[in-house]
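Coordinates in review
Take a look at the letters that make up each chain.
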Amino acid sequence: DVKVTQSSRYLVKRTGEKVFLECVQDMDHENMFWYRQDPGLGLRLIYFSYDVKMKEKGDIPEGYSVSREKKERFSLILESASTNQTSMYLCASSSGLAGGPTGYEQYFGPGTRLTVT
Amino acid sequence: QKEVEQDPGPLSVPEGAIVSLNCTYSNSAFQYFMWYRQYSRKGPELLMYTYSSGNKEDGRFTAQVDKSSKYISLFIRDSQPSDSATYLCAMSGRGSARQLTFGSGTQLTVLP
């Protein structure tokens, strides 16, 4: 079974703090993703990575950065947390294998509910 | 306009009802169509996927795709209280990491 773990389930931070969210997958997947999920807005892609040290911006990258130093680990960094970054953050991974839908299937972690006060 | 639009709900049905969940999309390049289920305080899990027009059945669940109308549906027969969750449609077809584009989700409650 694929397992994607996230470092914290709940996190409370103050405005202006630097925040690190960690994600680890154990299936040797090529691709990893960070989303935020807000009521009525669904899942919005923040950043993704298709290889170690390779990253691309998603739809809402402003205020975030990422790091992927090892294949299994993908970190999301909030450089200076703001109240509008209060949200549920979900990490996912996928194999990226070519030739069919299997490569697209994303496996999600349990999420980190971040509150910025 | 969003690439993927999903009926927002919430939807509340009695146990045993047939449930229909729907999404429309605008990007003709989408190839694979998926449905994820997300229980409260959990991450989404893949329920079903299809990649061609027509129906695909898995137990009480049927996924339907109409590419000509750019419309997909998920039907749940004999709905159970354990089906209460948020259902997200997702579609693929772009990008270096085979990204998915998600609908905003429909919250379903099945009442016993």
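Everything discussed here concerns the structure shown above.
Since the model is a prediction, treat every value here as computed from it, not as a measurement. (Residues numbered from 1 in each chain as written. Chains lettered and ligands numbered in written order. Predicted model: local features only at pLDDT ≥ 70, side-chain atom pairs only at ≥ 80, totals over all residues. Heavy atoms only, no water.)

As a further point, take the overall build of chain B. Broken down by element type, chain B carries zero helices and eleven strands. In chain B, the succession of α and β elements from N to C terminus is β-β-β-β-β-β-β-β-β-β-β. Against the 2.2 N^0.38 benchmark of 13 Å for 112 residues, chain B shows a C-alpha radius of gyration of 14 Å, consistent with a compact globule. Taken over the C-alpha atoms alone, chain B extends approximately 45 × 30 × 25 Å along its principal axes. Expressed as a percentage of the 112 residues in chain B, the buried residues total 43%. A separation of at least 24 residues holds for 53% of the contacts in chain B among residues at least 6 apart in sequence. Approximately 5,300 Å² of chain B is accessible, and the part contributed by carbon and sulfur atoms is 47%. Between the centroid of the 11 positive side chains of chain B and the centroid of its 10 negative side chains there is a distance of 7 Å. (Helix = DSSP H or I, 4+ residues; strand = E, 2+ residues; numbered from the N terminus. Rg over C-alpha atoms; globule rule 2.2 N^0.38 Å. Buried < 20%, exposed > 50% of the residue type's maximum accessible area, 1.4 Å probe, protein only. Contact = heavy atoms within 4.5 Å. Areas by Shrake-Rupley, 256 points an atom, 1.4 Å probe, with all protein chains shown as cover. Lys, Arg positive; Asp, Glu negative; His and termini not counted. Charge placed at Lys NZ, Arg CZ, Asp CG, Glu CD.)

In this section: the interface of chain A and chain B. The interface is formed by 29 residues belonging to chain A together with 25 residues belonging to chain B. Area buried by chain A at its contact with chain B is led by L43, P101 and Y104 of chain A, which between them contribute 31% of it. Taken together, chain A and chain B are joined by zero salt bridges. The interface formed by chain A and chain B includes four residue pairs in polar contact (both at pLDDT 80 or more). Of all the secondary structure elements, the ones that give two or more residues to the side of chain A that touches chain B are β4 (31–38), β5 (42–51) and β9 (87–94) of chain A. Top contributing element to the side of chain A that touches chain B by residue count: β5 of chain A, with five residues. (Buried area = accessible area lost by both parts, 1.4 Å probe. Salt bridge = Lys/Arg side-chain N within 4 Å of Asp/Glu carboxyl O. Polar contact = N/O pair within 3.5 Å; in protein donor to acceptor, adjacent residues only side chain to side chain.)

Attention now goes to the nonpolar core. All names here are of chain B. Ranked by size, the top nonpolar core spans 23 residues in total, and within it W35, I72, L74, Y87 and M91 carry the most contacts. Sorting the residues of this core by element identifies β3 (19–25), β4 (33–38), β5 (45–50), β7 (61–66), β8 (71–76), β9 (85–94) and β11 (106–111) as the ones contributing at least two each. Excluding its chain neighbours within four sequence positions, the residues that come into contact with L74 are V19, S20, L21, W35, L47, M48, F61, T62, A63 and Y87. (Core = buried A, V, L, I, M, F, W, Y, C linked by side-chain atoms within 4.5 Å.)

The next thing to look at is the environment of S20 of chain B. Residue and element names in this part refer to chain B. Tracing the sequence through the fold places S20 in strand β3. Along the sequence, S20 and Q64 sit 44 residues apart, while their C-alpha atoms lie 10 Å from each other. Leaving out residues up to four positions away in the same chain, S20 has contacts with L11, L74 and F75. Of the polar contacts made by the side chain of S20, one reaches the side chain of N22; its length is 3.3 Å.

Once that is clear, we can look at the pairing of strand β7 (residues 64–70) of chain A. Residue and element names in this part refer to chain A. One ladder, built from five bridges, connects β7 with strand β8 (residues 73–78); its direction is antiparallel. Residue S65 lies in a different strand from β8, and its bridge partner there is I77. Hairpin connection of β7 to β8: two residues between the antiparallel strands. (Pairing = 2+ DSSP bridges.)

Rolled over the atoms, a probe as big as a water molecule pinpoints where empty space is left. Taken as a whole, the largest pocket encloses approximately 600 Å³ of empty space. Here the lining of the largest pocket takes three residues from β9 of chain B, the largest share from any one element. (1 Å grid on protein atoms, 1.4 Å probe; cavity = no way out; pocket = protein on both sides within 12 Å on 5 of 7 lines; lining within 4 Å. Points joined across faces, edges and corners; volume = space filled by probe spheres on them.)

This brings us to the packing of aromatic side chains. How two aromatic rings sit relative to each other is given by the distance of their centres and the angle of their planes. Counted according to the given criterion, the structure contains twelve aromatic pairs over all chains. Ring geometry for F33 of chain A versus Y35 of chain A: centroids 6.3 Å apart, planes at 25°, classification stacked. Residue classification places Y35 of chain A among the buried residues on the basis of a relative accessible area of 1%. An angle of 75° between the planes, with centres 5.9 Å apart, marks the rings of Y32 of chain B and Y51 of chain B as edge-to-face. In this pair, Y32 of chain B sits in the loop between β3 and β4 while Y51 of chain B sits in the loop between β5 and β6 (54–58), placing the two residues 19 residues apart along the sequence. Each residue in the set F33, Y35, F48 and F108 of chain A together with Y36 and F102 of chain B is aromatic and connected to the rest through ring pairs, giving one cluster. Sitting above the plane of the Y49 of chain B ring, K56 of chain B keeps its charged end 4.2 Å from the centroid. (Phe/Tyr/Trp six-rings, centres within 6.5 Å; stacked < 30°, edge-to-face > 60°. Lys NZ or Arg CZ within 6 Å of the ring centre and 35° of its normal.)

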